[in-house]
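# Structure assessment
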Amino acid sequence: MSDEPQPQPQQPNRGWASGAPEAAGKAKKPKRPKRTGWRRLIPTWRIVLSTVVIGLLLVVGGFFLGYHLVQIPAANALATKQSNVYLYADGTVLARDGEVNRESVGLARISKDAQHAVLAAEDRDFYTESAIDPMAMVRAGWNTATGKGKQSGSTITQQYVKNYYLAQEQTVTRKVKEFFISIKLDREKSKDEILEGYLNTSFFGRGAYGIQSAAQAYFGVDAKDLTAAQGAYLASLLNAPSQYDVVAHPENRPAAEARWNYVMNGMVDKGWLSASDRAAAKFPKPKQSTISTNMSGQRGYVVNIVRKYLIENGIVDEEELGRGGYRITTTLQKDKQDAFVKAVDDKLMSQLDKKERKVDTYVRAGGASVDPKTGKVVAMYNGIDYVKQYTPNATRRDFQVGSTFKPFVFTSAVENHSETQSGRTINPNTRYDGTSERPVQGWAGGRYAPENEDQRDYGHVTVREATDKSINAVYAQMAVDVGSDKVMQTAIDLGLSKNTPELTPSPSIALGVATASPLDMAEAYATLANHGRHSTYTLVEKVMKDGKQEVELPERREHQAVSREAADTTTSVLRSVVQNGTASAAQAVGRPAAAKTGTAEEDTAAWFAGYTPDLATVVAVMGQDPKTAAHKSLYGAMGLARINGGGAPAEIWSQYTRNALEGEPVADFDLQLQAGADVTAPPSSDASDEPGDGDESGSSDPDAPSTGDEDGSGSDTPGDSGSSTPPGDSGGTESDPPSTGGGTPGSGGPSTEPGPTGGGDSGGDDSSNGGTDPGGGDTDGAGGGDTDTGFPGIPVTPRRQ
């Protein structure tokens, strides 16, 4: 055996990785596999835990920091209501809206029923919950974000803090302060103290701050005597103070009752009211609002109209305005305002004898005056006294405007290059058949044949003559020729609200069945005076808060509503109404004027709408029963057979306009007319063309069965007999010299015939309907022809839109 050492077998090295060198000490652990795919997007539990811990630390730290930094402040200046001051444009005081209407009372002087009603309405768990309700705040934020209505999510404590310590602005800073002050207040004051403060600082409408003032304002009782039903109504007002006042807004009674039922049912749910008492309770009727005597005369009307203007235009919030401290400079000019009142007193009110004539007790007057160049309302007349007659007559929309609407029809005709049924361009010299009860042609909505005033037949007349005499038959046909939908749009473009009652497309639109307000009409006529440029009316010049902070007003908007040609040609026609027609009383103003009269159906209202280059004014005399508020006819008022637009309204307009513009340079109209409108056609010489009011429409049935004469045949077909054609006018009178035409002056004012209720306008351009009918209502005497009869040498150039 060899003495050499034998090789030993290799032993495996445990803990080694294959091919890896041997590590000193213990073996190395295997590496964790890398996260791949979607797993990389999921944070690890360490990251999640770290984020939560850090977030909690930040929230807790922020809470303690905010708690120590935010202190309970002294009561803000707005916690005590101040007066608002309303000024004329020159800075003189017009009105003050009263002193503080608040009487703070202890909780013991507020009935338990009233307390429970407010809790049921605003915070049912007030006595058991903390000062803030995070879940309610989240829920309110979610409902607001998802379109379920703006909600605050605030507890009563938070609302009290907002009312008493902070301002009303919706900012993050204010909400943060409200949060911390509420928590501190909840620790420092009892629930009863907080509820008492809330009930004494809340706004209930009618200028009432605090439940004691509200109890007196709405029910004439003290807060301690409020019943459950009364308390529930006042609690409902906290949600919408002005809208739920069912006296001021009877149209909102269903919504107010729904809110009242919600409060009453909540009281039952919480055990504060028995089911039997709930069943016996009835919705309470608030008393009429008490009006302070410092609102007498025109002041109260103006204050309410301006307040509504500020709120509806988003200039000042209703509750903020109610708190006071605003200095509001209006556009009203004191000298013009005084002149308006004096004109109404001189020409109307002083002529009434309410003891001897019952109809004189029905007489109301309203009016508005607008600067055409700026859209500023410079004067208004709303009634004899705000304390005696509450309704503002300048802004009410419930009386028909009558024939003061007719100029809008002609403006629309020129604006849309409209044509008659026989294809002739409508201009001031276009001839129409003025036969009373003549069925309109080319309208698919059924037979419509309005009467002229006193059923007078005028034969064939020019548009200018038809406007002078306010001939219903002509304008009803013209509305169809233009397209009544286009007429409606033109009226809206000029300044009427699209929500004007009874402003609908049908032939009757031409007769003024719409019930616009005098202010609406003044705005529209001001657009005509301003060569078709429309400025939305404004009542406010400047608003200051607390004497130092100026409130931003909406930017003044002006645009070309209709072409200058359309507006100026209408002005030319309306100047003829003053010179030769029913508005002749306006000549007393002593300067160039354009105007139109109007009378509502059954003489319930008489209108005069007119303008000079510097001032557009509309006056309405209305009939209303002082007890029932029903519209009443004015037959016999002032001891006259009737009051029409050319009477008292025109006289008021003339005196006011003359005095309002006294001392100012006399300006003339600078007109750019439709082609051919500068030449006036000879007047008609029809045997039945006699002086008259020409405004009052009779009673025709627009839905009566057709007599078959709408196709150009039958006794009512225009141009059917020689007697209806003005002598010497057949086929055009090229040899006739121009005249200053127009009609015979009258003294009336237009009235309207209710329009058809069944059909509607065919829409679009109605001139294509029945255009080949020789009796289409605008034939040129018996022979028609290719020239626009009535003025020499002007060929017709038909234009279609």
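What comes next concerns the included structure.

### Considering the environment of G197
Inspection of the secondary structure puts G197 in helix α6 (residues 191-201). With a relative accessible area of 11%, G197 lands in the buried category. The sequence separation of G197 and T157 amounts to 40 residues, and the corresponding C-alpha distance is 9.3 Å.

### Overview of the pattern of salt bridges
Under the definition given, this model contains 23 salt bridges. The closest approach of N and O atoms between E312 and K308, which form a salt bridge, is 3.9 Å. One end of the pair is E312 and the other is K308, both in helix α11 (residues 299-312) and four residues apart, which spans about a single turn. For the pair E312 and K308, a shared accessibility class is recorded, and that class is exposed.

### Notes on the environment of N265
Relative to the helices and strands, N265 is located in helix α9 (residues 253-269). Owing to a relative accessible area of 36%, N265 belongs among the partly exposed residues under this scheme. Sequence separation of N265 and A120 is 145 residues, and the distance between their C-alpha atoms is 8.4 Å. A polar contact is formed between the side chain of N265 and the side chain of R278, at a distance of 3.0 Å.

### Some remarks on the sheet that holds strand β10 (residues 549-550)
Taking strand neighbours across the sheet as the criterion, the five strands line up as β2-β1-β3-β9-β10 in an open arrangement whose pairing is mixed. Looking at which strands have only one partner, the edges of the open sheet turn out to be β2 (93-96) and β10. Two elements, strand β3 (residues 326-330) and strand β9 (residues 540-545), share five bridges in a ladder whose sense is antiparallel. Note on β9: the bridge partner recorded for T329 is K542.

### A short note on the packing of aromatic side chains
To describe a pair of aromatic rings, you give the distance between the ring centres and the angle between the ring planes. Enumeration according to the criterion identifies 16 aromatic pairs in this entry. A centroid spacing of 5.9 Å and a plane angle of 75° characterise the contact between F219 and Y233, whose relative ring orientation is edge-to-face. Of the two residues, F219 sits in helix α7 (residues 211-219) while Y233 sits in helix α8 (residues 228-237), which places them 14 residues apart along the sequence. Using a relative accessible area of 13% as the deciding quantity, one classes F219 as buried.

### Digging into the packing of helix α14 (residues 406-415) against helix α19 (residues 564-580)
At a minimum axis separation of 8 Å, α14 and α19 run at an interaxial angle of 140°. It follows from the interaxial angle that α14 and α19 lie oblique. The handedness of the crossing between α14 and α19 is right-handed. Across the interface between the two elements, P407, F410, T411, V414 and E415 from α14 touch E565, A566, T569, T570, V573 and L574 from α19.

### Quick look at the nonpolar core
Within the largest apolar cluster, 125 residues are counted, with the highest numbers of intra-cluster contacts made by L348, F405, F408 and M478. Filtering out sequence-adjacent residues up to four positions away, F408 remains in contact with T490, A491, L494, L496, M521, A524, Y525 and L528. In terms of nonpolar packing, the next biggest core, distinct from the first, is built from 47 residues, A121, I211, Y218 and M264 among them.

### Let's talk about empty space enclosed by the protein
For the coordinates displayed, the defined rule picks out two cavities of 30 Å³ or more. As a volume, the second largest cavity reaches approximately 30 Å³. Looking at the second largest cavity, the residues that line it are V370, P372, G375, E523, A526, T527, R533, H534 and S535. For the lining of the second largest cavity, the secondary-structure elements that each account for two or more residues are α18 (518-529) and β8 (533-535). Here the residues of the lining of the second largest cavity sort into three nonpolar, four polar and two charged.

Rules and cut-offs
- Residues numbered from 1 in each chain as written.
- Predicted model: local features only at pLDDT ≥ 70, side-chain atom pairs only at ≥ 80, totals over all residues.
- Heavy atoms only, no water.
- Helix = DSSP H or I, 4+ residues; strand = E, 2+ residues; numbered from the N terminus.
- Buried < 20%, exposed > 50% of the residue type's maximum accessible area, 1.4 Å probe, protein only.
- Salt bridge = Lys/Arg side-chain N within 4 Å of Asp/Glu carboxyl O.
- Polar contact = N/O pair within 3.5 Å; in protein donor to acceptor, adjacent residues only side chain to side chain.
- Pairing = 2+ DSSP bridges.
- Phe/Tyr/Trp six-rings, centres within 6.5 Å; stacked < 30°, edge-to-face > 60°.
- Axes fitted to C-alpha atoms, helices over the stretch in contact; angles between N-to-C directions.
- Parallel < 35°, antiparallel > 145°, perpendicular 65-115°, else oblique.
- Left-handed = near helix turned anticlockwise from the far one by under 90°.
- Contact = heavy atoms within 4.5 Å.
- Core = buried A, V, L, I, M, F, W, Y, C linked by side-chain atoms within 4.5 Å.
- 1 Å grid on protein atoms, 1.4 Å probe; cavity = no way out; pocket = protein on both sides within 12 Å on 5 of 7 lines; lining within 4 Å.
- Points joined across faces, edges and corners; volume = space filled by probe spheres on them.
- Nonpolar A, V, L, I, M, F, W, Y, C, P; charged D, E, K, R; others polar.

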